[in-house]
Amino acid sequence: MTTNRVTPTNRAMELQPDEFIVSKTDTQGRITYANRVFMRLSGYTEAELLGANHNILRHPDMPKGVYKLFWDTISQGGEFFGFVKNLCKTGDHYWVFATVTPDFDARGRIEGYFSVRRRPAAGAVERITPLYEHMLDIERRTGGAGAAAASLTYLQEQLREEHAGYEPFVFGLQA
Ligand SMILES: Cc1cc2nc3c(=O)[nH]c(=O)nc-3n(C[C@H](O)[C@H](O)[C@H](O)COP(=O)(O)O)c2cc1C
């Protein structure tokens with residue numbers, strides 16, 4: 001698995017409103033396709049991206065619990081929607097609203113995943129950031145193997161009470 005040694009700079013890059021980042025992976029999250037917008041924004045060449053795990057972009061501000069929800073959803077054949085902060089090769093970062101779906105073979109088995117990411121709607125990042133910060137806090141306090149589950153439980157309970165759940169909340173932010 002790829003280990004990310006890039007140090008964050010705190011400088012934000014942005015997708016244009018009409019731009020999309022597209023990528024495809026195998027079942028393990030290893031990149032098999034990257035479009036030009038992906039290469040330009042992330043700062044990686046096609047040769048660097050192809051075969052790398054998608055965690056090459058992982059930003060330390062992203063809670064493990066979000067990736068737990070992500071993998072739990074897509075590995076069971078579902079579609080994931082969410083806000084993701086990604087790390088460029090330079091250490092700069094960019095926020096996206098991501099949609100990730102499984103690719104099925106002729107027998108209906110998952111053969112890989114497909115992801116499209118667009119610019120987050122105005123105000124969405126400001127709403128999601130404190131939730132992610134609280135999740136990171138829970139993960140630091142919990143530690144170990146249970147950290148992701150603990151922070152995900154917090155996210156889901158928080159959003160169930162106030163917004164009828166995770167999906168209605170993220171759709172509301174991106175609408
Ligand atoms: C289609 C697809 C797209 C992904 N896109 C991203 C992404 O943009 N950023 C990211 O950090 N992880 C992405 N991931 C998840 C990574 O593979 C990885 O699980 C995540 O970065 C957490 O890293 P870790 O599993 O090493 O903890 C994607 C996975 C798939 C299958």
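If you're wondering where the values come from, they're calculated on a predicted model, not measured in any experiment. Residue numbers run consecutively from 1 along every chain, following the written order of its sequence. Restriction of local features to residues with pLDDT of at least 70 applies here, the model being predicted, together with a cutoff of 80 or more for giving and counting side-chain atom pairs; totals for whole chains, interfaces and linings are based on all residues.

**Student:** Tell me about the overall build of the chain, and name the residues and values.
**Tutor:** Comment: elements are numbered from the N terminus, with helices defined as DSSP H or I runs of at least four residues and strands as E runs of at least two. Helices and strands together make up the secondary structure of the chain, namely 6 helices and 6 strands. Our radius of gyration looks at C-alpha atoms and nothing else; its globule reference is 2.2 Å times the residue count to the power 0.38. For the chain, the C-alpha radius of gyration of 16 Å lies close to 16 Å, the compact-globule estimate for 175 residues. Counting only C-alpha atoms and orienting by the principal axes, one finds that the chain spans roughly 45 × 45 × 35 Å. To assign burial, the other C-beta atoms lying within 10 Å of each residue's own C-beta are counted, with C-beta atoms placed from the backbone; 20 or more indicates buried, 12 or fewer indicates exposed, and intermediate counts indicate partly exposed. Across the 175 residues of the chain, 26% fall into the buried class.

**Student:** Kindly report on the pairing of strand E2 (residues 21-25), identifying the contributing residues and their values.
**Tutor:** Only one face of E2 is buried: it carries Ile21, Ser23 and Thr25, and the other face, with Val22 and Lys24, is open. Pairing between strands requires that DSSP locate at least two bridges from one strand to the other. Across 5 bridges, the pairing between E2 and strand E6 (residues 110-118) is antiparallel. When the sheet's bridge partners are listed, Thr25 is paired in E6 with Tyr113. Examined bridge by bridge, E2 and strand E3 (residues 31-34) share 3 bridges and lie antiparallel to one another. Along E3, the bridge assignment pairs Lys24 with Tyr33.

**Student:** Which residues make up unusual backbone geometry, and what values go with them?
**Tutor:** With phi around 80°, Asn10 is a residue other than glycine that occupies positive phi space. Looking at the secondary structure, you find Asn10 in the segment before strand E1 (12-13). Its identity as a non-glycine residue notwithstanding, Ala164 has a phi of 65°, on the positive side. As for its placement among the helices and strands, Ala164 is situated in the loop between helix H5 (147-163) and helix H6 (166-174).

**Student:** Would you mind going over the packing of helix H3 (residues 64-75) against H5 in detail, with residue names and values included?
**Tutor:** Between H3 and H5, the shortest axis-to-axis distance is 7 Å and the interhelical angle comes to 85°. It follows from the interaxial angle that H3 and H5 lie roughly perpendicular. Of the residues in H5, those touching H3 at Lys64, Gly65, Lys68 and Leu69 are Ala147, Ala148, Ala149, Ser151, Leu152 and Leu155. Side-chain classes follow a simple rule in which Ala, Val, Leu, Ile, Met, Phe, Trp, Tyr, Cys and Pro form the nonpolar group, Asp, Glu, Lys and Arg form the charged group, and the remainder, Gly included, forms the polar group. When the residues that make up the contact of H3 with H5 are grouped by side-chain class, the tally is 6 nonpolar, 2 polar and 2 charged. Axis definition: a line fitted to C-alpha atoms, over the contacting stretch in the case of helices. Angles run 0 to 180 degrees between N-to-C directions. Working rule for angles: under 35 degrees goes down as roughly parallel, over 145 as roughly antiparallel, 65 to 115 as roughly perpendicular, anything else as oblique. Here, residues touch in the contact sense if the C-beta positions derived from the backbone fall within 7 Å of one another.

**Student:** Which residues make up the nonpolar core, and what values go with them?
**Tutor:** Residues enter a nonpolar core if they are buried, belong to Ala, Val, Leu, Ile, Met, Phe, Trp, Tyr or Cys, and are joined to the set through C-beta atoms within 7 Å. Core analysis: the largest hydrophobic core is formed by 28 residues, its most contacted members being Phe83, Val84, Val96, Ala98 and Val100. Broken down by secondary-structure element, the contributors of at least two residues to this core are E3, helix H1 (36-42), H3, strand E4 (80-87), strand E5 (93-104), helix H4 (124-142), H5 and H6. Ranked by residue count, the leading element in this core is E5, at 6 residues. Setting aside chain neighbours within four positions, we find Val96 in contact with Leu15, Ile21, Val84, Asn86, Arg117, Arg118 and Pro120.

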